[in-house]
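Notes for the structure review
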Amino acid sequence: MSDRNLRIVMMGPPGCGKGTQGDILQESLGVPHISTGEILRNAGKEGTELGLKAKALIDDGNFVPDDMIIAIIKEALAKPEMQKGFILDGFPRTVPQAEALDVMLAELNAPLDFVFQLQVPDEILAERIVGRYTCTQCGAGYHDRFKTPKFYGVCDKCGNTEFVRRADDNRRTIKARLATYRASTAPVLPYYETKGILYCVDGTGSIVKVKAKIEQIIGV
Ligand SMILES: [Zn+2]
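What comes next concerns the included structure. Chains are numbered independently. Their residues run from 1 in the order of the written sequence. Residue-level local features of this predicted model are given only where pLDDT is at least 70; pairs of side-chain atoms are given and counted only at 80 or more, and the full residue set underlies all totals for whole chains, interfaces and linings. Hydrogens and water molecules were not included; the side-chain quantities draw on all heavy atoms of the structure.

In this analysis a donor is any N, O or S atom within 2.8 Å of a metal ion (3.2 Å for sodium, potassium and calcium), and since water is not included, sites may seem incomplete. Taken together, Cys135 (SG), Cys138 (SG), Cys155 (SG) and Cys158 (SG) make up the full set of protein donors to the zinc ion, lying 2.3 Å away. A four-donor site is called tetrahedral if each angle lies between 85 and 135 degrees; a four-donor site is square planar, and a six-donor site octahedral, when trans pairs exceed 155 degrees and the remaining angles lie between 65 and 115; all other cases are labelled irregular. Seen from the zinc ion, its four donor atoms lie at angles of 103 to 115°, and the figure they make is tetrahedral. Using a relative accessible area of 26% as the deciding quantity, one classes Cys138 as partly exposed. Working definition: with a 1.4 Å probe on protein chains only, accessible area under 20% of the residue-type maximum means buried, over 50% means exposed, and in between means partly exposed. Look at Cys158 and you get partly exposed, because its relative accessible area is 30%.

Structure (structure tokens):
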């Protein structure tokens, strides 16, 4: 485990493996991995006004606007457990979100150290997305073929036996989600490239291989 304070953003299209690698880095670096999905879920559970608003939007199938996501992330990053670093995944998703994150981190005097982009061709992304499922209790991610729990039907992390599949994890919607990624999120990459903290990693190998590449760059 590292003594360094590390602030990392994981980026890449849906299915690139950023959630899985975020979980792994959380273990090896000892800093919390926070996915936007999880933050929104927790905010809903905690029953904060913002959290409940966001939850209502998501439950109705609506898009959560930038300013609301930014406010929720700001609350999350102010928590004491985030002071030794974090691994963000699913945020920032747009250039305005990236700019807002910089402002927040400047106030905390805690700039980002690494932004990783996991590169995976579209055909492989589709294969990975179809078959994904998540623990309803702790949010751990699994896959029918690529990442099954050690004991069938039991979450490795928390022992829960209920899982959920995202309604939009199917071949029909993947094209649209990849198009959205290219239109809104891909422009964030040059933003970080000019800051000199963007690292592109081939995300097609095994989970262990990708992990090794990321850790080599961090210098774990
Ligand atoms: Zn679990």
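Having seen the model, we can carry on.
Take the sheet that holds strand β3 (residues 85–89) next. Each strand in a sheet pairs with its neighbour through backbone hydrogen bonds, running either in the same direction (parallel) or in the opposite one (antiparallel). One open sheet accounts for five strands, arranged β2-β3-β1-β4-β8; its pairing is parallel. The open sheet terminates on both sides in strands that have one partner only, identified here as β2 (33–35) and β8 (198–202). Pairs of neighbouring strands in the sheet enclose a mean axial angle of 25°, with direction left out of account. The pairing criterion for strands is at least two bridges between them, as found by DSSP. Only DSSP runs of H or I reaching four residues or more are called helices, and only runs of E reaching two or more are called strands; each is numbered from the N terminus. For strand β4 (residues 114–119) and β8, the ladder comprises five bridges, and the chain directions are parallel. From the neighbouring strand, Val115 faces β8, where its bridge partner is Leu198. Any two residues whose heavy atoms approach within 4.5 Å at even a single point are treated as in contact. Note on method: axes are straight lines fitted to C-alpha atoms, helices fitted across the in-contact stretch only, with angles between N-to-C directions ranging 0 to 180 degrees. The sheet contacts of helix α1 (residues 18–29) involve β1 (6–11), β2, β3 and β4, and relative to β1 the element is tilted by about 165°.

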